Amino acid sequence: MPRKQAFSGKQKKKQLQERRERKKDSHSIYDEDVVQDISDTTAAKPGEVEAEILHVHEQPTGDKDFDPNRYRLHFLKISQEEMKKRKTAARRPVIKVTEKALEMSIGSVFPTENPLDFPKRPPWDFRLSKTQLERQEQAYYSKYVQTLLMSHDPQRLSYFELNLETWRQLWRVTEISDILLLIADIRYPAVHVPPSLYSYLREELGREVVVVLNKVDMAPPPLVAAWRSYLTAVFPGVRVVCFSSFPDRPEDTASGLHSKQKKRLVKPLGPQELLDICRDLVKDKVNLDSWQEKLDTEDTSTSAPERHGCHGGIDNPDKPSADMLQAGAAEAHLAGVYQRFRDGVLTIGCIGYPNVGKSSLLNGLVGRKVVSVSKTPGHTKHLQTIFLTPTVKLCDCPGLVFPSHVDKSLQIVSGIFPIAQVREPYSTVGYLAQRLDLPTLLHLTHPEMAGKPPSAARSKVVKWSAFDVCESWAVKCGYHTAKASRPDVYRAANQLLRMAVEGRLRLCFAPPDFFDCQDSWKENDFAVSLSERLTSLAHREQSLAQLEDSSSDSEPEELLQPAASRQEEEKSWGEEEEASSCVSQNPFALLGDD
């Protein structure tokens, strides 16, 4: 074989520059063309304000060979005039809403008249090159967004995902998955279950769909039972699973906080129910005995390091190797014809909105941390796969925000929109104050009553505004501006929103007609069973924790953790305990469950 010709450094540099330019040009079709089309569609008419695009998680590009902003979130930005209106409304007295206002139906979020669809992958075949396929998808998506914004009022529309590349991740996950888990937060299930997505997966793709109600420990068991019954009625034939990665006892929900020890020791609630449903759907086409053995091993294990991966995870002979993980990731990115149960492996895809707990659910099923999790929406940038057992593969999808008519304040409270990007948080605090008694929950003193005797404060009826709540909380927490030392209301409002997203201020919505028959739901068999399971599971873990503490006299449990992770955990819990000392009353008082 003849020897290759020598390559000079100047030629190599030129080659790298050309390669960088080609990558830059190829990435431009993911983002800028679509954004330009959206900007043209939302261009201001005479007398109107032009809509802008908000780029979330913007990263500097520099001279990198890849585009770090390829998977960034895109939302429509609210105008300056709208911000002024919201700030003015935040200084008005808060008007409390009734219990019926906490009832929410799926039809109110996703209307049946002039329905809101989501972008689906256009038809394709193997004759198309990569560039042709990408440009075809870009043209389809630009037309979809233009049609959506012209047929619906952009001000009425909620925040929804405008980045084509994020939708591409959903298309890939739905293509390679045999069973799809549509994950919803139990506090807002009506927001997280789009009917268009469910019908598309069932009717057009022919996939099996399981709705997972996650974080069930954050809501009273009667409310969980009501939502489970409502979803079964709206979507006939759907399977519903209740899941929680860190379950609390029902009587512990008043504190609104998880203990540090409980986060390490509590086993998830719901893996066995999910296995039973998958076994019923798969029949005998895939052997799921290894999954059952894994759950049985976790149930009989009593050692904290073995159960929680402090020494490499569970000692399981079915633990996937590095080659298996690499093969699974490679297969996930292949664009091929769908084959049901390819190679005898069941592929389970986890899809849903941001911050509903997709990655946490995946970690809970595996029994140790295998994918990164964060409270910030958009943390998962692209799909990732992990083998649960040799015959079961899990696929985690980035969170997608579907077009809907949900209130933008509720999107912020539910963690769909990043709080760090909220420029005007006071109206959202007012949204919370209308539905939760924040002054009572946080033990706040009205700014007008500051420094006056308690008798004067009790004799005068004061009206709270959203701005008053933020100012009082800033004073209580000692938040002041650097120059004038005034109460830092923006920081206080920001923290209140974070407390709501994390569940320390728990706002739960109910299905239609829930409060009319609330007493009957308390006696529901499923609600009673769920309450007993949460209580027994928490008591079991508490007894195991006490047993482990008594058996490790010289080596405390904290020493089993790496120093870096221990410092991060102590820092995060220190920040949570700083603002949680005042939240002592039951946050479910509005739901009538003391």
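A brief report on the enclosed structure follows. All values derive from a computational prediction rather than experimental measurement.

1. Quick notes on the overall build of the protein chain
(1) Moving on: In terms of regular secondary structure, the protein chain is built from 23 helices and 8 strands.
(2) Moving on: For the protein chain, the proportion of contacts with a sequence separation of at least 24, taken over those separated by at least 6, is 76%.
(3) Moving on: Element-wise, carbon and sulfur atoms account for 50% of the exposed surface of the protein chain, whose accessible area totals about 28600 Å².

2. What to know about the sheet that holds strand β7 (residues 384–389)
(1) Moving on: The sheet built from 6 strands is open, its strands ordered β5-β4-β3-β6-β8-β7 with mixed pairing. Strand pairing shows two members of the sheet lacking a second neighbour, β5 (239–242) and β7, which therefore form its edges. The average angle at which neighbouring strand axes cross in this sheet is 25°, direction not considered.
(2) Moving on: Of the pairings in the sheet, the one linking strand β4 (residues 208–214) to β5 comprises 4 bridges and is parallel in character. Along β5, the bridge assignment pairs V212 with V241.
(3) Moving on: Across the sheet, helix α5 (residues 164–176) lies against β3 (179–185), β6 (346–352) and β8 (392–396), angled at about 150° from β6, the strand it touches most.

3. Let's talk about the pairing of β6
(1) Moving on: Burial within β6 is extensive, with 7 of its 7 residues counted as buried.
(2) Moving on: Burial along β6 is two-sided: the residues L346, I348, C350 and G352 and T347, G349 and I351 are all buried.
(3) Moving on: Sheet topology note: the β3/β6 ladder contains 5 bridges and is parallel. Within β6, the position partnered with L182 by the bridge is I351.
(4) Moving on: In terms of strand pairing, β6 meets β8 through 5 bridges, oriented parallel. Bridging across to β8, T347 finds its partner in K393.

4. Points about the side chain of K120
(1) Moving on: On the secondary structure map, K120 appears in the loop between α3 (106–109) and α4 (130–151).
(2) Moving on: Its relative accessible area of 15% is what places K120 among the buried residues.
(3) Moving on: Here the side chain of K120 touches D117 through a polar contact of 2.6 Å, side chain to side chain.
(4) Moving on: Not counting chain neighbours up to four residues away, the residues in contact with K120 comprise Y140, W171, Y200 and E204.

5. Describing the environment of F417
(1) Moving on: Note that F417 resides in the loop between α15 (408–413) and α16 (426–435).
(2) Moving on: Judged by its relative accessible area of 3%, F417 is buried.
(3) Moving on: Note: C-alpha distance between F417 and V401 (16 residues apart in sequence) is 9.0 Å.

6. As for the pattern of salt bridges
(1) Moving on: Tallied over the full model, the rule gives 17 salt bridges.
(2) Moving on: Salt-bridge contacts for D185 lead to R187; the nearest nitrogen and oxygen are separated by 2.8 Å. There is no split in this pair, since D185 and R187 are both buried.
(3) Moving on: A salt bridge links E502 to R504, with the nearest nitrogen and oxygen atoms 2.7 Å apart.
(4) Moving on: Taken together, the shared-partner salt bridges connect R121, E137, E165, R168 and E175 into one network.

7. Details of the packing of aromatic side chains
(1) Moving on: Tallied over the entire structure, the rule returns 13 aromatic pairs.
(2) Moving on: The interplanar angle of 70° and the centroid separation of 5.4 Å between the aromatic rings of F118 and F402 together place this pair among those described as edge-to-face. With a gap of 284 residues between them, F118 in the loop between α3 and α4 and F402 in the loop between β8 and α15 connect regions that are remote in the sequence.
(3) Moving on: F118 gets classed as buried once you look at its relative accessible area, which sits at 2%.
(4) Moving on: Relative to F417, the ring of Y159 lies with its centre 4.4 Å away and its plane at 25°, an arrangement referred to as stacked.

8. Digging into helix α10 (residues 271–282)
(1) Moving on: Here α10 spans 16 Å end to end across 12 residues, near enough to the 16 Å set by a 1.5 Å rise per residue.
(2) Moving on: Taken as a whole, α10 has its buried residues at P271, L274, L275, I277, C278, L281 and V282. The buried residues of α10 occupy an angular sector of 165° when the element is viewed end-on, so they sit on one face.
(3) Moving on: K283 occupies a position one or two residues after α10 and carries a positive phi of about 65°.

9. With respect to helix α2 (residues 80–90)
(1) Moving on: Three or more residues of α2 are buried, namely M83, R86 and A90. Seen end-on, α2 carries its buried residues on one side only, within an arc spanning 65°. For α2, exposure combined with an orientation more than 90 degrees from the buried face picks out K84 and K85.
(2) Moving on: Looking at the packing, one finds that the buried side of α2 touches α15, α16 and α19 (466–477).

10. Structural notes on unusual backbone geometry
(1) Moving on: Residue K215 is not a glycine yet carries a positive backbone phi of 60°.
(2) Moving on: Along the chain, K215 falls in the loop between β4 and α8 (221–234).
(3) Moving on: At F341, a residue that is not glycine, the phi angle is positive and equals roughly 55°.
(4) Moving on: Within the fold, F341 resides in the loop between α13 (322–332) and β6.

Conventions used here
- Residues numbered from 1 in each chain as written.
- Predicted model: local features only at pLDDT ≥ 70, side-chain atom pairs only at ≥ 80, totals over all residues.
- Heavy atoms only, no water.
- Helix = DSSP H or I, 4+ residues; strand = E, 2+ residues; numbered from the N terminus.
- Contact = heavy atoms within 4.5 Å.
- Areas by Shrake-Rupley, 256 points an atom, 1.4 Å probe, with all protein chains shown as cover.
- Pairing = 2+ DSSP bridges.
- Axes fitted to C-alpha atoms, helices over the stretch in contact; angles between N-to-C directions.
- Buried < 20%, exposed > 50% of the residue type's maximum accessible area, 1.4 Å probe, protein only.
- Polar contact = N/O pair within 3.5 Å; in protein donor to acceptor, adjacent residues only side chain to side chain.
- Salt bridge = Lys/Arg side-chain N within 4 Å of Asp/Glu carboxyl O.
- Phe/Tyr/Trp six-rings, centres within 6.5 Å; stacked < 30°, edge-to-face > 60°.
- Expected span 1.5 Å × (residues − 1).
- Arc of directions from axis to C-beta.

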